[in-house]
Structures are given as C-alpha cells and as structure tokens.
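# Reading the structure
Each chain, written out:
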Amino acid sequence: MDSGAICYRISRISRRDFGREAGLYTFAMTDISRRIVRAGAAWLATLLAACGGGGGGGSSPPVVAPPATNYTDSMVYSTAPTASLQNANEITAVTRHQLVLGGTTLNYTATVGHLTALSVGTGPAQASFFYVAYTLDGAASATRPMTFFYNGGPGSASVWLHLGSFGPKRLATGIPATTADRPFPLVDNTESLLDVTDLVFVDAVGSGLSEAIAPNVNRTFWGVDADAAVFRDFIMRYVVANNRAASPKFLFGESYGTTRSAVLANVLETAGVTLSGVVLQSSVLNYASNCGLYANTTISCAGYLPSYGATGAWFRRGSLDPQLAVSPAFIAMMRTLTTSRYDPAVRSFLASGALPDADLLDQLAATTGLAVSHWQAHLNMQPDYYRVNMMPPTLLGRYDTRVTEFNNSVPGQEDDPSDSFISPSFAQRITEYLTSLQYTNPSSYVLLSNAINNWNFSHDGRAAPDTIPDLAAAFAHNPRLKVLSMSGYHDIATPFFTTEQDLARLGANPNVVQAFYIGGHMTYLDDAARVRQKADLANFYRSALVP
C-alpha cells in the first residue's frame, strides 16, 4: 500500500480510537504505527500534518501520474468454480496515451493489473481483481469523478463495456448491420467518457483474469450477496490504495451488473462510501418480473410487448403505418396497449386459460407483425418463441432483434446472432489490446465463465433477487444519489418496459432518470445511439455533481 493511501486511512482515525486503527497498518508502517500508539494524539496531529491532513481544507493537488512500466504477469489464473490463488500480486503495467475529444487533446494514463480486495477494506484477502483504469493526467483527485464499470452474466468479464462503450478505445462493429470486417477494428472512441470521469473496468471473480484467494474459491463469491460484498471490498481497497477518498464515485453496470449495482450501492452506502450516481445499462432489477430469464411460463411476459412492437416497426411488419417506425408516439401507443389491454388479458389467461377477444388479438398482430394464430397459441409470448417465429426462416437476435441470420439451429437451441456476430472479435481484440498496454499473461482471458450454472440467486429471503428494495435503501442512506437507467427498444433479454415498471416502484423520485434508444442490449454498439448516450451521460454527471 502506498504512503498516500496510508495517510488517508490515518486521517480518518479519531483521537478516541487512534491506537486500535493504527494497528491495522502495522504490516505497512510498523515503526510509524508503534510511535502513534506511544505518542498518542499529539503525534497523530504531527503525522497528519506531514501527510497533508489535519487543519483546514485547501485545494486538492493534481494527481501525479506514476512512471510508465510494462509487466509480464507469470501468474496462471483460472475461472473454474473451485480454483483459487495461494498468493496474489499487485504489480501493474502503466502506459501513457492521448485521445482527442471535441477538439481537445486529453493526456491519460492506463493502468493494468490486479488489486486484492480485503474484507470490508482491511480484513483478510478475498480475491484478486483484474482491472484496467484510465485516469486523466493532471486532474485534481478531490474533484475528478471516478466510475467503476462491470458487465453481468453472472460470470461475464467486463470486456463488452471496456471495448464497446465509453472507454478510450472501442471496436467498430457496425451494428445492426453484419457486414463489418472481422475482427472489428479498434478505433479511438470519440464518445469516450474520459473527458467526464476516470474509468475503472473491473472483472468479476471467476471471469477475465480475476480469481479468488485461498481459502476462498471462485464460487465462494458466486451469489448475489457474496458478489456484491466482494465488489464493495474491491472498490474500498481501490479508493484507499489510490488516494481517491474525496473523488465523486459512480457505478456503471450492465445486465446482471445492474442487479449487482442495486445491491452494491446499498452495501457501499452502509459501509460509509457515499456514491454520487449509478448508471444502469439494460437492467434486470427484479427476476420475478422478467418471464424470459428462465422461460418461466407462470410470469406475465407483458413487459416484452413494446419491444416486440419496436421490432415489428423496425422491419415494417404487420399492418402498421410504415411512417410510424420506432417513434415516441408509437412507443407510447405500445405502452398504453400493454397496460390497458394486454397485461390484464395475460393475467386472466394465466389464471383461467381464457383467450381475449378477437379485437385484442388483431391489435397484437398489427403492432408486432406476428400473425394472430401465433398469439392464439402463445398469448403469453415468450421472447425465444417470438424471435424464431417472427420472420421464418430468419432468426432474430435476443440481445438485439435487429441483428438477424438464417435459422439453421436445432430447435430449442437457437443461436443469438447479436451475440455470435460480435463475440469472436471481442475475444481476440482484448488480448491484443492488453498486450498493447504492456500487460501480458499466459492465461486465457475468459469472456464468460460457467458461474451462472453455480450461482446462488437467493437474496433478501427470496429464491431470486428483487433489488428495487436495495435501491430504495441506498436512497434512504443517501437522498442525493442519482440514478440513470438506459435501455434499448430492441432488447428482448432485458426489455425496456419491464425496467420502467420495476423502477416505478420507487415512486416519483426526481433523482431517477430513464433514457431509451433505438438499439439492443448493448445500445452503445449502435453509432447513433452511442452519440445520444454520451450526451445523456454527460448531462447526468453534471447534475450529479452539482454541489
């Protein structure tokens, strides 16, 4: 641990318990800790002055970038359920870069490597987290925001957000077209958030190159609560180790990462870490409201209907006016149809088996492009059935219905073209990119482990998580917390209207903002949507940072 981190921690020690707290750092500053205990509060005041603490405020000095280094990490990492490291290192590769955004040249530092999460910040070692951080050179740490990014799965590495969304580089996928050269080229990202916030992309335990530390094993942290707790420990350790206690802090999670974010926001606030904002990308906040997660035929699929409508409009299917396309007026109409007619009809059908009147069936066919006969046979329309039968023999994507392929899959084992089209390029480019950042390792970087097959989904007394109460608890801790939810109209993995309905349970909260885009689960892969998202994110950060 560096001296800046130690100084920060000691600055938090009160005179009442200075001896107990100082003892936590005997391993790092043995002589200083002993003198603190002997000399008491007077010595503590002197030490604080030497650290730059104590007394009045004053402006925060600029962050001084560490010297550039390369690093060949010889450690072998595993994502197997029972794997663990006997010891871990915290050596990093550090490189300097430039990025031009809006005509301004940004100088930044990339730091790649591992950091050990300690239980609630100072206890036993839990896991070795692999991360890539981008920090703006010369920025003042007290005012410079920092954002922690992670994907979901569970079991997914954060490569999708890292190389697809708002980092300094991105893969040019051309989505929703499937004509781009592969592997996709890695280009400067003119919608990067680096002009707004420092960026820390971190892989969950048992994904990427992150691994548990013995006596823990990877699956020790494969559960809703254990996962959120170890992410809390990583974030608290990162903040202290990098002397960023005063920095405004944000979370940015995607898919299951939004489930994590809701729980993580609450446990961070409970631990005394104040957040400025939480960004939810393509949310799954309540597993009991999403019928597609386990093909659960007992849950209403009504939340999917507006996404089916947006898909039909995109392909100009059904008897709709082609000029409607995916307009706000059309989406508003789909919301009304869902809440006023379709959802009540589905709930009645689930209770009694009774089909609705012919008029509603005709409306469903007209707005989605799927024939009446399909709605008669499958009124509670599951997303996998929809994407197979919407335009046979064309198969629609699950993450993005606009991405299609000829369906030659085994029935019941259909491919997802919106995933299979992009995954090989992300897998190849992340290894190449890490090498360009002067970090090499003999292990395979694992995009998706089998954690989901071993995951403990129970949370708060339920078999599957409902994290809206966790968000509510985070707001109770911190009423100034801001939340931005971003969803794509063509995502039938985490449909936007289901997210809307889930967040509505928080009540009328002006600190919760929702934004919607033409696009799929990874809206940022769409060039037009990404430009809009960057503008919305910049506004969100500005609002969250208002004193």
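Residues numbered from 1 in each chain as written. Predicted model: local features only at pLDDT ≥ 70, side-chain atom pairs only at ≥ 80, totals over all residues. Heavy atoms only, no water.

Take empty space enclosed by the protein next. Going through the model one piece at a time under the given rule, you end up with three cavities of 30 Å³ or more. The space that makes up the largest cavity amounts to roughly 80 Å³. Along the lines of polarity and charge, the residues of the lining of the largest cavity split into six nonpolar, three polar and one charged. For the second largest cavity, the calculated volume is near 50 Å³. (1 Å grid on protein atoms, 1.4 Å probe; cavity = no way out; pocket = protein on both sides within 12 Å on 5 of 7 lines; lining within 4 Å. Points joined across faces, edges and corners; volume = space filled by probe spheres on them. Nonpolar A, V, L, I, M, F, W, Y, C, P; charged D, E, K, R; others polar.)

The subject of this paragraph is the environment of Arg-341. By the secondary structure assignment, Arg-341 is in helix H9 (residues 328-352). Judged by relative accessible area, Arg-341 falls into the partly exposed class, the value being 25%. Aside from chain neighbours lying at most four places away, what touches Arg-341 is Thr-336, Asp-357, Asp-359, Leu-360 and Gln-363. Polar side-chain contacts of Arg-341 include one of 2.9 Å to the side chain of Asp-357. (Helix = DSSP H or I, 4+ residues; strand = E, 2+ residues; numbered from the N terminus. Buried < 20%, exposed > 50% of the residue type's maximum accessible area, 1.4 Å probe, protein only. Contact = heavy atoms within 4.5 Å. Polar contact = N/O pair within 3.5 Å; in protein donor to acceptor, adjacent residues only side chain to side chain.)

Residues of the protein with pLDDT of at least 70 account for 86%, and the chain-wide mean is 88. Predicted confidence is poor over residues 1-61, with pLDDT under 50, and the contacts of this stretch with residues over four places away or in other chains come to 58 contacts. (pLDDT = per-residue confidence, 0-100.)

Moving on, we come to the nonpolar core. Counting 59 residues, the largest nonpolar core has Tyr-134, Ile-422, Phe-426, Tyr-445 and Leu-537 as the members making the most contacts within it. Here the element with the most residues in this core is helix H17 (residues 527-544); it accounts for six residues. Among residues more than four places away in sequence, those in contact with Leu-537 are Phe-166, Leu-193, Phe-252, Val-279, Leu-484 and Met-486. With 42 residues, the next largest nonpolar core counts Ala-133, Val-273, Leu-285 and Leu-503 among its residues. (Core = buried A, V, L, I, M, F, W, Y, C linked by side-chain atoms within 4.5 Å.)

With that out of the way, let us pick up helix H7 (residues 256-270). The first and last C-alpha atoms of H7 sit 21 Å apart over 15 residues, in line with the 21 Å expected at 1.5 Å per residue. For H7, the buried fraction is high: 13 of the 15 residues fall into the buried class. Backbone geometry just after H7 places Gly-272 at a positive phi near 95 degrees. (Expected span 1.5 Å × (residues − 1).)

Before going further, it helps to examine the environment of Asn-107. Tracing the sequence through the fold places Asn-107 in strand S3 (residues 104-118). Here the alpha-carbon distance between Asn-107 and Arg-96, two residues 11 residues apart in the chain, equals 7.4 Å. Each residue touching Asn-107, except ones within four places of it in the same chain, is listed here: His-97, Gln-98, Thr-135, Leu-136 and Asp-137. A polar contact of 2.7 Å, which involves the side chain of Asn-107, links it to the side chain of Gln-98.

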